[in-house]
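Given next are the chains, with one letter for each unit.
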Amino acid sequence: MSKILVTGGTGYIGSHTVVELHNAGYTPVIVDNLSNSNIKILDQIEKIIGVKPEFHQFDLCDVAKTTAFIEANPDITGIIHFAASKAVGESVVDPLKYYHNNFFSLINLLNSYREKPINFVFSSSCTVYGEPDVLPVTESAPVKKSTSPYGNTKQIAEEILEETANAYGNYNIVALRYFNPVGAHETALIGELPNGVPQNLLPFITQTAIGKREKLTVFGSDYDTPDGSCIRDYIHVVDLAKAHVAAIKLLEKGNPNGKFDVFNIGTGNGYSVLEAIKAFEKASGKPLNYEFGPRREGDVIQVWGDVTKSTKELGWKAQLGIDEMMSSAWAWEQYINENPLPLD
Ligand code: NAD
Ligand code: WQD
């Protein structure tokens, strides 16, 4: 079975992708420095797939360790590179942490494959589009100057990858531009583990519903949208994980579009914050305590993806709807509340 390196594989999206790779007949190998995840996730994955995935703990910014690992694992045929720092707000306060971590890890990995062919899937983000001029946003929409160092790392990383793919010839690369990943595995054994006060909407909703937070603040109700709140393309994390398996398969087959390509990974549907709240209340059967507050600096008003290219050329389409997104997020919050992962 083809061995696929999953960097950041004990993280939110990585752990779900490890499960889907196994289900698709691949052998996932995780490298993670546990800077934003918990080693117990390996046990949780084992409960789902029946085997504990191979795991190596080190920092991908460490050149020697990264090079040694790649040399010791010549049977790795593909890489899915999730490992990065991803908190937008933190990146504004500590940009050098983000430029160091997100670029050094990427470049070290790429440099380890200068001679050998490698299939490489990169975690990008719809944040590269900024506030799109046209909706739904397609992959050919202009990349706009990011409003955060985090978003900048994704834009520049895509440029690094495109130039690398075109210059050397042995890298076959796709960048997946995720919209808003939410939800959790149907077993409620893995899900999003936000550190501290959640910045993202869904974990804040579920933590409010379970009583960890007093109330949710809706950031802005006076936007030029039907109900005044911002609109996003929420996508179930399991659908997102399956998109990575489809990307590996595309690269194994040979991408007719060339050595570097990008795909929107969303549902193609936009939901407002208020619609997301209502969907959660329906799925959980619990009224949510929320209030309206001021707009959040840097928020895009509305963005949702055109997923025609992903459907036609990646052979992937999201299957799970907003109800499953909300019910699975709620089930995970209840699980983690009753079974807190011990901090090592
Ligand atoms: P996450 O923080 O849960 O997972 C990232 C994992 O990478 C963590 O387990 C962390 O310990 C590990 N890591 C970070 N730096 C590392 C390093 N130098 N060496 C080894 N391991 C390292 O984040 P996530 O939500 O699963 O996101 C995964 C990827 O998807 C990230 O690249 C993120 O930027 C991107 N992304 C996430 C979202 C989202 O909303 N979650 C949206 C778009 C893109
Ligand atoms: C969604 C909507 C908020 C919290 C971010 C990053 C993006 C990607 C995904 C990494 C917005 C509103 C939120 C709250 C609220 N991450 N909201 N109250 O901002 O679309 O995207 O996460 O790659 O790069 O930018 O997601 O979940 O933070 O916000 O009203 O307490 O919910 O204003 O409209 P966002 P989000």
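Here the structure is shown first, and the text comes after it.
The structure contained in this document is the topic of the report that follows. The structure displayed is predicted, hence computed values, not measured ones.

Attention now moves to the overall build of the protein chain. Along the protein chain, the regular secondary structure elements total eleven helices and 13 strands. The principal-axis extents of the C-alpha atoms in the protein chain amount to approximately 55 × 45 × 40 Å. Residues counted as buried form 54% of the 344 residues belonging to the protein chain. Contacts spanning at least 24 positions in sequence make up 81% of the contacts within the protein chain whose residues lie at least 6 apart. Accessible surface for the protein chain amounts to roughly 14,800 Å². Of this, 52% is attributable to carbon and sulfur atoms. Of the side chains in the protein chain, 29 bear a positive and 41 a negative charge, and the two mean positions are spaced by 2 Å.

Neighbouring residues of ligand 1: 26 residues in total, closest D32, N36, S37, N101 and Y150. Taking K86, its side chain carries an N or O atom lying 2.8 Å from an oxygen atom of ligand 1. A distance of 2.7 Å is found between a nitrogen atom of ligand 1 and a side-chain nitrogen or oxygen belonging to N101. For ligand 1, whose accessible area on its own is 820 Å², the fraction buried by protein is 95%. Elements with a contribution of two residues or more to the shell around ligand 1: helix 1 (12-23), strand 5 (118-125) and helix 6 (149-168).

Ligand 2 sits among 18 residues. The nearest are Y150, L201, R232, R296 and D299. Between ligand 2 and R296, the relevant distance is 2.8 Å, taken from an oxygen atom to a side-chain nitrogen or oxygen of the residue. For the shell around ligand 2, the element with the most residues is strand 8 (residues 216-219), which contributes four residues.

Of the two faces of strand 8, the one holding L216 and V218 is buried and the one holding T217 and F219 is not buried anywhere. Note: strand 8 against strand 13 (residues 290-293), four bridges, orientation parallel. Residue pairing in the sheet places F219 in a bridge with G293 of strand 13.

The next point concerns helix 5 (residues 95-111). Between its first and last C-alpha, helix 5 extends 24 Å over 17 residues, near the 24 Å set by a 1.5 Å rise per residue. Within the span of helix 5, buried status applies to Y98, N101, N102, F103, S105, L106, N108, L109 and L110.

For helix 11 (residues 322-338), spanning 17 residues, the distance from its first C-alpha to its last is 25 Å, which sits close to the expected 24 Å at 1.5 Å a residue. Among the structural elements, helix 2 (41-49), strand 7 (180-182), helix 7 (201-210), strand 10 (234-236), strand 12 (271-272) and helix 9 (273-284) are those in contact with the buried residues of helix 11.

As a packed pair, helix 9 and helix 11 sit with axes 8 Å apart at the nearest point and diverge in direction by 65°. The two elements helix 9 and helix 11 cross, and the hand of that crossing is right-handed. On helix 11, the residues that touch A276, A279, F280, K282, A283 and S284 of helix 9 are I322, D323, M326, S327 and W330. Considered class by class, the residues forming the contact of helix 9 with helix 11 number seven nonpolar, two polar and two charged.

Ranked by size, the top nonpolar core spans 44 residues in total, and within it I45, V121, V174, L176, I265, L314 and W316 carry the most contacts. Contributing elements (two or more residues each) for this core: strand 1 (3-7), helix 1, helix 2, strand 6 (171-178), helix 8 (237-253), strand 11 (260-265) and helix 11. With ten residues, helix 8 is the largest single contributor of residues to this core. Setting aside its immediate chain neighbours within four residues, L314 contacts L176, A243, A246, A247, L250, F263, I265 and K309. Residues V31, I70, L109 and F122 belong to the second largest nonpolar core, which totals 27 residues.

Definitions and cut-offs
- Residues numbered from 1 in each chain as written.
- Chains lettered and ligands numbered in written order.
- Predicted model: local features only at pLDDT ≥ 70, side-chain atom pairs only at ≥ 80, totals over all residues.
- Heavy atoms only, no water.
- Helix = DSSP H or I, 4+ residues; strand = E, 2+ residues; numbered from the N terminus.
- Buried < 20%, exposed > 50% of the residue type's maximum accessible area, 1.4 Å probe, protein only.
- Contact = heavy atoms within 4.5 Å.
- Areas by Shrake-Rupley, 256 points an atom, 1.4 Å probe, with all protein chains shown as cover.
- Lys, Arg positive; Asp, Glu negative; His and termini not counted.
- Charge placed at Lys NZ, Arg CZ, Asp CG, Glu CD.
- Near = heavy atom within 4 Å.
- Polar contact = N/O pair within 3.5 Å; in protein donor to acceptor, adjacent residues only side chain to side chain.
- Pairing = 2+ DSSP bridges.
- Expected span 1.5 Å × (residues − 1).
- Axes fitted to C-alpha atoms, helices over the stretch in contact; angles between N-to-C directions.
- Left-handed = near helix turned anticlockwise from the far one by under 90°.
- Nonpolar A, V, L, I, M, F, W, Y, C, P; charged D, E, K, R; others polar.
- Core = buried A, V, L, I, M, F, W, Y, C linked by side-chain atoms within 4.5 Å.

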